[in-house]
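Spelled out from the first residue to the last, the chains are:
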Amino acid sequence: MRLKKIVLAYSGGLDTSVILKWLIEKYQCPVIAFCADLGQKENWDEIKEKGIKCGAEKIIIRDLREEFVKDYVYFAIKAGAIYENWYMLGTALARPLIAKEQVKIARDEEADALAHGATGKGNDQVRFELTYTALAPDLKIIAPWREWEFKGRTDLIEYAKKQGIPVPVTLEKPYSIDANLFHISYEGGILEDLWQEPPEDMFIMTVSPEKAPDKPEYIEIEFEKGEPVSINGEKLNPVELLSKLNEIGGKHGIGRVDMVENRFVGLKSRGIYETPGGTILHIAHRALEQITLDREVMRIKDTLMPKVSELIYYGFWYSPEFQSLKNFIEKTQEKVSGIIRLKLYKGNVFVAGRKSPYSLYKKELASFDEKEGYNPKDAEGFIRLQGLRLKIYNIS
Ligand code: ARG
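Along every chain, residues carry numbers that run from 1 in the direction the sequence is written. Note on the predicted model: pLDDT of at least 70 is required for a residue's local features to be given, and 80 or more for side-chain atom pairs to be given and counted; whole-chain, interface and lining totals, by contrast, use all residues. For side-chain calculations, the full set of non-hydrogen atoms in the structure is used, while hydrogens and water are omitted.

**Q** Whenever I open this one, the pairing of strand β14 (residues 348–355) confuses me. Can you help?
**A** Successive residues of a regular strand alternate their side chains across the two faces of the sheet. Strand pairing is assigned whenever DSSP detects at least two bridges linking the two strands. By the criteria applied, helices consist of DSSP H or I runs no shorter than four residues and strands consist of E runs no shorter than two, each listed in order from the N terminus. Pairing of strand β13 (residues 338–345) with β14 involves seven bridges; the strand directions are antiparallel. Looking at the pairing, tyrosine 345 lines up with asparagine 348 of β14. A loop of two residues connects β13 with β14, the two strands running antiparallel in sequence, and lysine 346 in this loop sits at a positive phi of about 45 degrees.

Structural data, given as structure tokens:
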């Protein structure tokens, strides 16, 4: 099959550099390397150089940090989306955005194929390709890891050396990393042994709780319609705000998770995550929902949370069912505005204060002093009728 041009989602790592070279060789057409800057700390000049050296016709680096935090991370916070109750979805949230931008570039550059470097065993291949299919069903998809004859890293390194692709001289880390502004994830290699605790020097965003300060730190986060807008009274844009929370949370050893999760493809896998700012945001946001959400809205929202998380994890961001749920979640956030005060201490986030102009918590009603609007006498009939069917059920 003859292709005109391919756009590759390029990270600058060994895998996608080999892929770049391999695509050019195999398909004999120009390849554009696209890097998404999602806040991972990279030397972009170096990556640019490497991509050109590997034969890319062009390197396109796009700063997607603002969109990533605002439209994807903040949505996850509003939804309370946490996969299998532990994973804050940092990698899963990034994929649809990368793939969407890649499609845009393919259109601008009149390319007819899209390629990615995800392996054949993981979730990311599904996430990339479902997004490609939803947004550009006419473009051909190339997944080199499922196509080529290389079996693993050793084969890759050998090919890289033969092709003159720079192989890092420093010994590669004995696990795989995926990083962005929201989180860093680690999996594979030495982490595949479930009995092995992760090495302390692996962590990048957080100190261990043992090494965190002995004194707690108080912070205040203000939310508007479910989205954080300021820290300690200082208005910050999404990128600044999340960066700052990562720094504060990291210092206090907040947001480490070590879990075994169910991949979409049917395997169980062990993943280690650092999500310092995200952990703080999830807790603060929930504390605010506790006073601003109506009980029944909260119930429905909570039953949807596992589904929303699953759809994000599986890669169905651009699906009709996810977009419908998204509308519902956004609607629930209209009055989730207010300020949450938190105490951060050795890996923990404690809620130290809540306030909101829309608070449904009415001190006068909740307290024991009798006030208009709630008459304890009403409770008698309420309980009697609630119990009616229990009585009938148990007599007959
Ligand atoms: N298990 C996570 C997910 O499926 C992270 C995958 C990528 N992580 C990595 N270290 N390569 O979303």
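Read on for the rest.
**Q** Looking at this model, I keep getting lost on the layout of surface pockets. Mind explaining?
**A** Vacant regions in the atomic arrangement are exposed by a probe of water-molecule size rolled over the atoms. Buried and open spaces are told apart on a 1 Å grid over the protein atoms alone, a cavity being a set of points where a 1.4 Å probe fits but cannot get out and a pocket being an open set with protein on both sides within 12 Å along at least five of seven lines. Residues with an atom within 4 Å of a point are the lining residues. Grid points are joined across faces, edges and corners, and a volume is the space filled by probe spheres set on the points. Of the pockets and cavities examined, the second largest pocket occupies roughly 200 Å³. Lining the second largest pocket are Glu197, Pro198, Glu200, Phe203, Ser208, Pro209, Glu210, Arg256, Val257, Asp258 and Ile272. Considering each element in turn, the lining of the second largest pocket owes the most residues, three residues, to strand β11 (residues 256–262). Taken together, the residues of the lining of the second largest pocket break down into five nonpolar, one polar and five charged. Polar here means any residue outside two lists: the nonpolar Ala, Val, Leu, Ile, Met, Phe, Trp, Tyr, Cys and Pro, and the charged Asp, Glu, Lys and Arg; Gly therefore counts as polar.

**Q** Sorry, what's going on with the sheet that holds strand β12 (residues 268–274) here?
**A** In space, the four strands of this open sheet follow the order β6-β7-β12-β11, with antiparallel pairing throughout. In this open sheet, the two edge strands, each paired with only one partner strand, are β6 (176–179) and β11. Ignoring strand direction, the axes of neighbouring strands in this sheet form an average angle of 25 degrees. Here seven bridges tie β11 to β12, and the two strands are oriented antiparallel to one another. Paired with methionine 259 across the bridge in β12 is glycine 271. Interaxial angle, 0 to 180 degrees, is taken between N-to-C directions of lines fitted to C-alpha atoms, where a helix line uses only the stretch in contact.

**Q** What is the right way to read a nonpolar patch on the surface from this model?
**A** Patch definition: residues with relative accessible area over 30% and no salt bridge; like charges joined within 9 Å; nonpolar side chains (Val, Leu, Ile, Met, Phe, Trp, Tyr) joined within 5 Å. Computed with a 1.4 Å probe, the accessible areas rest on the Shrake-Rupley method; for each residue, only the protein chains presented here act as cover. When a carboxyl oxygen of Asp or Glu lies within 4 Å of a side-chain nitrogen of Lys or Arg, that pair is called a salt bridge. Where nonpolar side chains cluster on the molecular surface, the patch consists of Leu385, Leu388 and Ile392 and spans about 310 Å² of accessible area. Within the fold, leucine 388 resides in helix α13 (residues 376–395). Taking the relative accessible area as the measure of exposure, leucine 388 reaches 41% and is therefore partly exposed. For every residue, the accessible area obtained with a 1.4 Å probe (protein chains only) is divided by the maximum for its type, and the residue is called buried under 20%, exposed over 50%, and partly exposed between those limits.

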